[in-house]
Amino acid sequence: MESNKHNVAESLTTGVDGIQLRLDHQGHLHAPDHRVLQWLGLHGRQGATDSLSLLLTQAGLRADTLTRTEQLVSRQRDFSIDWPLRLAPGDWRHLHCQAERLNNDAGQYDGLRLRICDLTAFREEQAFAQMQSLIIALLSSGASTQHILQLLSEEIERLTVDLLASILLLDDDQRHVLHAAAPSLPPGYVQAINGSEIGPRAGACGTAAWRREQVICHDIASDPLWRDYAPLALSNGLKACWSTPILDVNQRVLGTFALYAREPASPSRFHQRMLTTITQLAAMALQREWRNVQLQKLEQAIEHSPIGFVLFNAEQRIEYVNASLLQLFGYTQKELLGATWEVLHGEHAQSEALVELWQDMQRRGRAENEITAIDRGGGEFPAQMLLCRITDHSLQAPGFLAIYQSLRERKAAEQALHEAAYHDKVTQLPNRALLYDRLSMQIAVCRRNQQFGALMLIDLDEFKRINDTHGHSLGDAYLRALAERLQEMLREEDTLARLGGDEFAVLLAQIGEDADAATAHALQVAEKLRTRLSEPVELRGKHIQQSASIGLTILPKGMESPEDLLREADTAVFGAKEKGRDTIVVFEREMHTRVSERFELEQDLRYGLEQQQFQVYLQPQVDHQGTIRGAEALLRWQHPQRGLVSPIQFIPVAEQSGLIVPIGEWVLQQTLSVMRQCEAAGKPLRFAVNVSPRQFRQADFVDSVKRALQDSAADALHLTLELTEGLLIDDPQSTREKMAELADLGVHFSIDDFGTGYSSLSYLKRLPLRELKIDKSFVQDAPNDPSDAAIVETILAIAQHLHLTVIAEGVENDEQADFLRQRHCFLMQGYRFGRPIPAADFVEQWLASANP
Ligand SMILES: Nc1nc2c(ncn2[C@@H]2O[C@@H]3COP(=O)(O)O[C@H]4[C@@H](O)[C@H](n5cnc6c(=O)[nH]c(N)nc65)O[C@@H]4COP(=O)(O)O[C@H]3[C@H]2O)c(=O)[nH]1
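Keep in mind it's a predicted model, so treat the numbers as computed, not measured.

Asks: Could you give me a rundown of the site of the ligand, with the residues and numbers involved?
Replies: Near the ligand you find 22 residues, and of these Gln619, Arg636, Asp752, Glu812 and Tyr831 are the closest. Residue Glu632 places a side-chain N or O atom 3.1 Å away from an oxygen atom belonging to the ligand. In this structure, Tyr831 approaches the ligand through a main-chain N or O atom, which is 2.8 Å from an oxygen atom. Protein burial of the ligand: of its 790 Å² of free accessible surface, 86% is covered by the chains. The set of elements that each furnish at least two residues to the shell around the ligand consists of β24 (628-639), α22 (647-657), β28 (748-754) and α29 (776-781). Among the residues making up the shell around the ligand, the classes are represented as nine nonpolar, six polar and seven charged.

Written out as structure tokens, the structure reads:
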């Protein structure tokens, strides 16, 4: 008993480092303490306890480790060895044995002292620490998530030895699980559960994902959650499964981590810890990936954004710029990285807008303002800038973000819109709308300062002619040249505007303290402008010269509005035109009446044309025997209230308003139809039609005559067109071309009122003319006035020289007729031979006459 006690005391001594066992020199084990049995998992079991081999076999030590232990013992020397003992599936106790040889007093071998420590907890800690650092290292190394999950699973399986790990991920639809890693699960099983739906009874993993909580299935065979999947699991040798959902920071399920056992089993404390740790590590890996994807998307969005991004670090130095910013400022990335923001703003870095922006950002974390930026070439441009503080988790500012959006295009578009709305396209001068604004302002300023200004309207005399003869592009160039001339002669505070086709306006700001002084000053300026305008302009090798009519009005006289002043100046322009153009007229109140009368007449004319109030009259042209040789078409206007209006009254208005063009065409058509009637009746007659200068200058004049001839089917040989002398002088080249084209068709040309203009004979010679028409003013006084007689004689001489026929108009009596006949002028027209009568009456008489 005593010895037994001694044995026990000697064979097992517990120390801080473990429990001691004693083997005698024959290899017998002294009776072990119950704690040894407990460690070995043999507590309470019956069996031999004096053999180390037996004890270790019973404890489940693997055969190879046991053999190795026996070998070491038999060597009778010091040694150490690990005894991993499997307590349950995946649950191991790590015992460590340190053996020390004992000698008796004679120095002979006396057995071994075995010191046994339980290193399980230490090993587990070590394993967790290793695993965590491995995963964190992998996470920061940029290893793929797939790789990390695979490694995690392998590591678990290595640690647990006989458990099988599985990581499943939830599909984007959050309803299906997808295989991510399962190093040892049978491939058939992996394939079968890949894509299966989560649910309240979908095995351990499907249910854990569904419930968002851990699901422990000790025995798959009997677990109701496995009803649908048990056959699959069992046929693959899987009998227990513990699964934990992997959750992100927002508790969203990312997937599941599970451990399978090949026999029914419950997780140990170690397993529980492992499940928790692994799901956290897996969540980190998955979230890192998700963040990476988000970051990549964000990075791409920023890189390709049309807006410039700059990241400044805490030292306010640039650490990132996107492509748009480089393009916007014209720098390379290398040039900007590390630079301060002065580089993007130059001297404007201290501007009020930027300082304010900076202070606002400091106060509120975010600020926005319109600022001036400077590009690499030093060019300034407006930009919308947003400054934003970047905070990290400790809420300190590690830097700030600046966003630049160029306002160049927007400003240019705004400017273009403004320009378009307030400027004339051809000359870029202010247009009517802008003049109107300035006029309103000037009225107010003058009233306040008790000063006077002036408004001038400049109307180019016959600008249309330039357009018609030289084309619009030259016309535009001419206008630009005039605009430049005018601008040169005005002060900065004056406004030069273009109001329309051939009309400019000048607003002279504050030119006198009383109306008279202002008028005198304005007249002086107007005269300078008029003179300058009338000087020839050389364009594309052509000299273009024009006079201008200027109307001016002084402001403010009373309470005139801008419209009133424009109307006054307009009235004054009419006055100038009436005075014979190329002159300046200052507005007076009486002008209003005249102008409005004229305006009314124009309206009536327009209406009259629509209402067919016009009529063509015909006046015969006879030879020396009184035989009718032709007739002149003369227009009559039968106005319902005005009565029969003379062409002398309305032709100039029609000419000025442009209405003469449709009216002239209408007269021609009417005359040609009469002509055709005579031709058809076998009594053809020559008809003369007046062509106004404006009508002739139309670019399509020749075509319109050709069309009318074609439409009427009348013979061009019977048509005479009467042109005025002035027309021939104005634009000889184009006049000659047009005349020639029609003359080729057989049309005759006659110069009306010959002798009143200044035709050069050499020039007349080159025109396809047939006839000169002596103006009635010479004819009527010729018999009694020697100078008129001389003129008539000269005209006749010229005609003879040029081989032209001559017709005298306004022949009222025999005396005049005799005078003409004696001088061999055989064609005559006048009341002496017949007054103009309605065309229909004329034709009737003509067809009924005995004339051939
Ligand atoms: N005192 C007097 N006058 C005579 C005598 N014989 C004819 N007349 C008038 O003299 C004018 C001759 O026409 P015009 O010189 O071409 O002068 C025309 C012509 O320039 C213009 N005109 C008339 N019809 C047309 C037309 O259809 N087109 C164009 N563009 N102008 C026209 O109006 C002007 C005036 O036309 P009317 O009033 O019809 O005046 C006509 C005619 O009625 C006479 O013995 N004594």
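Read on, since the account is not over.
Asks: Lay out the nonpolar core in plain terms, naming residues and giving numbers.
Replies: It is characteristic of soluble globular proteins that their nonpolar side chains tend to be buried jointly. Among the nonpolar cores identified, the biggest contains 78 residues, and Leu605, Leu618, Phe687, Leu719, Leu721, Ile774 and Leu820 are the most heavily contacted of them. Sort the elements by how many residues they give to this core and helix α23 (residues 660-680) lands first, with 10 residues. Apart from residues lying up to four places away in sequence, Ile774 is in contact with Phe754, Val779, Val792, Ile795, Leu796, Val806, Ile807, Ala808 and Glu809. Core analysis: the next-biggest nonpolar cluster, separate from the first, contains 36 residues, Ala454, Ala481, Leu482 and Phe504 among them.

Asks: Can you break down the side chain of Asp424 residue by residue, with the values?
Replies: If you trace the backbone, Asp424 turns up in the loop between α15 (408-422) and α16 (432-449). Among the polar contacts listed, one links the side chain of Asp424 to the side chain of Thr427, at a separation of 2.4 Å. Contact partners of Asp424, with chain neighbours within four places excluded, come to Leu429, Pro430, Asn431 and Arg498.

Asks: A description of the pattern of salt bridges should follow, citing residues and the corresponding values.
Replies: The full count for this structure, using the stated rule, is 41 salt bridges. The salt bridge partner of Lys706 is Glu741, with a shortest N-O separation of 2.9 Å. Within this pair, whereas Lys706 is found in helix α25 (residues 701-712), its partner Glu741 is found in helix α27 (residues 732-743), the two being separated by 35 residues in sequence. Note that Glu809 is salt-bridged to Lys773, the shortest N-O span being 3.6 Å. Remark: Lys773 occurs in strand β29 (residues 771-774) and Glu809 occurs in strand β30 (residues 805-809); sequence separation between them is 36 residues. A residue is classified by how much of its surface remains accessible, and Lys773, at 0% relative accessible area, is buried.

Asks: Let's hear about α22: which residues, and what values?
Replies: For α22, the complete set of buried residues consists of Phe650, Val653, Ala654 and Glu655. Regarding α22, its N-cap is Ser646, as a side-chain oxygen of that residue lies 3.0 Å from the backbone nitrogen of Ile648 further along. Looking one or two residues past α22, Gly658 carries a phi angle of roughly 90°, positive in sign.

Asks: Quick rundown of the pairing of β29? Include the residues and the values.
Replies: Within a regular strand, side chains alternate between the sheet's two faces. Burial along β29 is two-sided: the residues Glu771 and Lys773 and Leu772 and Ile774 are all buried. Here β28 pairs with β29 via three bridges, running parallel. Within β29, the residue paired with Phe754 across the bridge is Ile774. Note that β29 and β30 share four bridges and pair parallel. Bridged to Glu771 within β30 is Thr805.

Asks: Please give an account of the sheet that holds strand β10 (residues 253-261) that cites residues and values.
Replies: Consider a sheet: its strands pair through backbone hydrogen bonds, and that pairing is either parallel or antiparallel. Strand order in the open sheet formed by five strands is β7-β6-β10-β9-β8, with antiparallel pairing between adjacent strands. Edge positions in the sheet fall to β7 (177-181) and β8 (215-217), since each has one partner strand and no second. This sheet shows a mean twist of 25° between the axes of neighbouring strands, independent of strand direction. Each of β6 (164-170), β7 and β10 is contacted by helix α6 (residues 145-160), which is oriented at about 150° to β6, the strand it contacts most. Helix α8 (residues 203-211) contacts β6, β8, β9 (240-247) and β10 of the sheet and is inclined by roughly 145° relative to β10.

Here is what the cut-offs are and how they apply
- Residues numbered from 1 in each chain as written.
- Predicted model: local features only at pLDDT ≥ 70, side-chain atom pairs only at ≥ 80, totals over all residues.
- Heavy atoms only, no water.
- Near = heavy atom within 4 Å.
- Polar contact = N/O pair within 3.5 Å; in protein donor to acceptor, adjacent residues only side chain to side chain.
- Areas by Shrake-Rupley, 256 points an atom, 1.4 Å probe, with all protein chains shown as cover.
- Helix = DSSP H or I, 4+ residues; strand = E, 2+ residues; numbered from the N terminus.
- Nonpolar A, V, L, I, M, F, W, Y, C, P; charged D, E, K, R; others polar.
- Core = buried A, V, L, I, M, F, W, Y, C linked by side-chain atoms within 4.5 Å.
- Buried < 20%, exposed > 50% of the residue type's maximum accessible area, 1.4 Å probe, protein only.
- Contact = heavy atoms within 4.5 Å.
- Salt bridge = Lys/Arg side-chain N within 4 Å of Asp/Glu carboxyl O.
- Pairing = 2+ DSSP bridges.
- Axes fitted to C-alpha atoms, helices over the stretch in contact; angles between N-to-C directions.

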